[in-house]
Amino acid sequence: MEVQKEAQRIMTLSVWKMYHSRMQRGGLRLHRSLQLSLVMRSARELYLSAKVEAHESEVSLPPALPSDPRLHPPREAESTAETATPDGEHPSPEPMDTQEAPTAEETSACCAPRPAKVSRKRRSSSLSDGGDAGLVPSKKARLEEKEEEEGASSEAADRLQPPPAQAEGAFPNLARVLQRRFSGLLNCSPAAPPTAPPACEAKPACRPADSMLNVLVRAVVAF
Amino acid sequence: MARRAGGGNDIQWCFSQVKGAVDDDVAEADIISTVEFNHSGELLATGDKGGRVVIFQQEQENKIQSHSRGEYNVYSTFQSHEPEFDYLKSLEIEEKINKIRWLPQKNAAQFLLSTNDKTIKLWKISERDKRPEGYNLKEEDGRYRDPTTVTTLRVPVFRPMDLMVEASPRRIFANAHTYHINSISINSDYETYLSADDLRINLWHLEITDRSFNIVDIKPANMEELTEVITAAEFHPNSCNTFVYSSSKGTIRLCDMRASALCDRHSKLFEEPEDPSNRSFFSEIISSISDVKFSHSGRYMMTRDYLSVKIWDLNMENRPVETYQVHEYLRSKLCSLYENDCIFDKFECCWNGSDSVVMTGSYNNFFRMFDRNTKRDITLEASRENNKPRTVLKPRKVCASGKRKKDEISVDSLDFNKKILHTAWHPKENIIAVATTNNLYIFQDKVN
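Just so it is clear, the model here is predicted, and its values are computed rather than measured. (Residues numbered from 1 in each chain as written. Chains lettered and ligands numbered in written order. Predicted model: local features only at pLDDT ≥ 70, side-chain atom pairs only at ≥ 80, totals over all residues. Heavy atoms only, no water.)

**Q** Would you mind going over the overall build of chain A with me for this structure?
**A** Across its full length, chain A carries seven helices and zero strands. Along its sequence from the N terminus, chain A presents helices and strands in the succession α-α-α-α-α-α-α. With 223 residues in all, chain A has 52% of them scored as buried. For chain A, contacts bridging at least 24 residues in sequence account for 78% of all contacts bridging at least 6. Only carbon and sulfur atoms are counted for the fraction: they give 56% of the accessible area of chain A, which is about 10,000 Å². (Helix = DSSP H or I, 4+ residues; strand = E, 2+ residues; numbered from the N terminus. Buried < 20%, exposed > 50% of the residue type's maximum accessible area, 1.4 Å probe, protein only. Contact = heavy atoms within 4.5 Å. Areas by Shrake-Rupley, 256 points an atom, 1.4 Å probe, with all protein chains shown as cover.)

Structure, rendered in structure tokens:
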């Protein structure tokens, strides 16, 4: 569990760093982006393998656990992971999450704690508790990425936030993902790098946990 | 007894000078980004984030009082690079000077190459200590005289004036790099040089600015398959056909330009197998080589990765001949160093003139020297606290764990904002230049 949380925290941190590096003077640094993606990949592998182990040990437990309590710990972990990201404008909701439609709450102030909701949409994944579903790429995510890949240009890895029509050469999927997910953060000055919040703190989250993990998954799978 | 030459530990290092602002509030433009002695050691150049180059010149030794070598004083300051904007890519190009390399002196003027992320410039630094006086048609202040008032003719003569040092850009080598330039290196033929960015290395002729030859290209056809980038490159000091480049994966490739026009296939690949016991989450990124330097002899090369310095014999590819741990106590702190971005710091390294001692920087304004002969190492600090001239520097020690002895510093009290990334060693003497964030320290060995 600790391992999972740590891995999750590092993934979130890496995504934040990658976004932040694009806003720096001089443009995207290829070497830095590569290093961040390596760390993100390692963190993802670690998270998934830890999750598989945890799942296997849970399977041996009595099965009739209501979904909410099972969801709650992962949600807590996810929400703590999210507090690591800078507070900002609420981005447009994850298209896949038909359930989570918080468009009304697009304020810069941090919103009230979100109730843990089970996404109605079924994920085609074996690890299908709601907290995880975002981590394992679903079919739709893959399709979306495939479109992005086809649309990617092959030159000029170092571009600042390009207009949405262009994809960044080296990391097209990440560019799209970050553009969508963090568009609200564009106007914020970069905050200090997020520090690891204590695991037990459940700070209010600004966006649904699922979509944050989706972001991470997409970013990681892109590499 | 202090020995003059050789061992980093047998000599006693003394504070000599410190250059730069005293206050703690560091202006970003003043952050030193490169330090380089010229071939004679008489000149010391620094580049900063604001695109400026400052050159210091060593005073001629005072023959009577030979208790210290000459001091370095400002010789010339000029703005080498300005911020630019790439309109095509909507990208700002930083003016930060990434590297300075001196050309060997051929005449009265000095020449150096300076580079930012995209453009390399050849600068001529010349002295003017005479000026012509006595023009017929011009007054001394430059105003033109009324020709009708000229009744006699005279020949203008040169008269001495206060020394003026002028820097002028003689060549501008631009538009050859898509990615960020990390290295430049002048060939031993003194006619060509290479410039390296993340994925490509180009060969230039010093006289020709509108053409360069691509000699290494590691860009994959599909950028999503990118796994490594070039981190540093250098020409061999004696063989004009040989150069090396290091990668983010911890490998070094030696290439021979005689083999083919595009040196994509290396002649030698230097790689040490990873120690499985050290494998961790961040292993991949700390193995990235941040600097590669040939020894003066050309027999060895030194690489710096995040935690260590390695010396390689060019004749042996499978492992380094020597490995020195710079700050092994940081291995357990890699996660925190990732959080505060310190894990991405690119430390440089340098050889002394006789290739017997190597030096590199660390945190808390510490720098380390390793004596290859005695196998001893020393940690010293660049601090204004020791700034009385000829104060001998006290060796420092970091306590990794357990009980901290007196005068030791614990790892947790190290200041990771105070980092020494750039150091340089005089080519002939035991004089070193160590750059902290915005100050340049000059240390010398104690002369009895």
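**Q** Is there a simple way to think about the environment of proline 132 of chain B in this case?
**A** Residues and elements named next belong to chain B. Mapped onto the fold, proline 132 is located in strand S10 (residues 120–133). Taking the C-alpha atoms as reference points, proline 132 and asparagine 438, separated by 306 residues in sequence, lie 40 Å from one another. Ignoring sequence-local partners within four residues, the contact set of proline 132 consists of Val157 and Phe158.

**Q** Whenever I open this one, the confidence of the model for chain A confuses me. Can you help?
**A** Low-pLDDT stretches of the model should not have their predicted coordinates read in fine detail. All names here are of chain A. Of all residues in chain A, 27% have pLDDT values of 70 or greater, and the mean over the chain is 55. Every residue in residues 177–217 scores below 50 in pLDDT, and together they form 114 contacts with partners more than four places removed in sequence or on other chains. In this model, residues 219–223 is a region of pLDDT below 50 whose contacts with residues beyond four sequence positions or in other chains number 19 contacts. (pLDDT = per-residue confidence, 0-100.)

**Q** Any chance you could explain the pairing of strand S25 (residues 357–361) of chain B here in plain terms?
**A** Residue and element names in this part refer to chain B. Most of S25 is tucked away: five of the five residues are buried. Taking every second residue as pointing to the same face, both faces of S25 are buried, with Val357, Met359 and Gly361 on one and Val358 and Thr360 on the other. Note: strand S24 (residues 349–351) against S25, three bridges, orientation antiparallel. Paired with cysteine 349 across the strands is threonine 360, a residue of S25. Between S24 and S25, which pair antiparallel and follow one another directly, the connecting turn spans five residues, one of which, aspartate 355, has a positive phi of 65 degrees. The pairing of S25 with strand S26 (residues 366–371) spans five bridges and is classified as antiparallel. Of the residues in S26, the one forming a bridge with glycine 361 is phenylalanine 367. (Pairing = 2+ DSSP bridges.)

**Q** Would you mind going over the packing of aromatic side chains with me for this structure?
**A** Residue and element names in this part refer to chain B. The tally for this structure, following the rule as stated, stands at 21 aromatic pairs over all chains. Ring plane angle 40 degrees and centroid distance 5.2 Å describe the contact between phenylalanine 282 and tyrosine 338, whose orientation is recorded as tilted. You can see phenylalanine 282 sitting in the loop between strand S19 (268–270) and helix H1 (283–286) and its partner tyrosine 338 sitting in helix H2 (residues 334–339), a full 56 residues away along the chain. Each of the two residues, phenylalanine 282 as well as tyrosine 338, counts as buried. For the ring pair tyrosine 441 and phenylalanine 443, a centre distance of 5.9 Å and an interplane angle of 10 degrees mean the geometry is stacked. Comparing tyrosine 441 with phenylalanine 443, the two get one shared label, buried. Each residue in the set Phe15, Phe367, Tyr441 and Phe443 is aromatic and connected to the rest through ring pairs, giving one cluster. (Phe/Tyr/Trp six-rings, centres within 6.5 Å; stacked < 30°, edge-to-face > 60°.)

**Q** Help me out: how do you make sense of the sheet that holds strand S21 (residues 300–304) of chain B in this one?
**A** Note on sheets: strands pair through backbone hydrogen bonds, and any given pair is parallel or antiparallel. Residue and element names in this part refer to chain B. Strand order in the open sheet made by the four strands is S20-S21-S22-S23, with antiparallel pairing throughout. Every interior strand has two partners, whereas the edge strands, strand S20 (291–294) and strand S23 (322–325), have only one. Averaged over all pairs of adjacent strands, the angle between their axes in this sheet comes to 15 degrees, without regard to strand direction. With four bridges joining them, strand S22 (residues 308–313) and S23 adopt antiparallel strand pairing. Across the sheet, the residue bridging to isoleucine 311 is glutamate 322, located in S23. (Axes fitted to C-alpha atoms, helices over the stretch in contact; angles between N-to-C directions.)

**Q** Honestly, the pattern of salt bridges in this entry has me stumped. Any pointers?
**A** As a working rule, side chains carrying opposite charge can pair if their charged atoms are close by. In the structure shown here, the tally under the stated rule is 36 salt bridges over all chains. Here aspartate 341 of chain B makes a salt bridge to arginine 32 of chain A, at a shortest N to O gap of 4.0 Å. On the criterion of chain membership, the pair formed by aspartate 341 of chain B in the loop between H2 and S24 and arginine 32 of chain A in helix H2 (residues 30–59) is interchain, its members lying in two chains. On the basis of relative accessibility, which here comes to 24%, the residue aspartate 341 of chain B falls in the partly exposed class. Classification of arginine 32 of chain A as partly exposed rests on a relative accessible area of 25%. Among the salt bridges present, the one from arginine 131 of chain B reaches glutamate 133 of chain B, with a minimum N-O distance of 3.4 Å. (Salt bridge = Lys/Arg side-chain N within 4 Å of Asp/Glu carboxyl O.)

**Q** Could you clarify how one ought to interpret the environment of tyrosine 75 of chain B in this entry?
**A** Residues and elements named next belong to chain B. Assignment of secondary structure puts tyrosine 75 in strand S5 (residues 72–79). Through-space distance from the C-alpha of tyrosine 75 to that of valine 54 is 7.6 Å; in sequence the pair is 21 residues apart. Beyond its immediate sequence surroundings of up to four residues, tyrosine 75 is in contact with Leu43, Ile55, Phe56, Gln57, Ile125, Glu127 and Val165. At 2.6 Å, the side chain of tyrosine 75 and the side chain of glutamate 127 are in polar contact. (Polar contact = N/O pair within 3.5 Å; in protein donor to acceptor, adjacent residues only side chain to side chain.)

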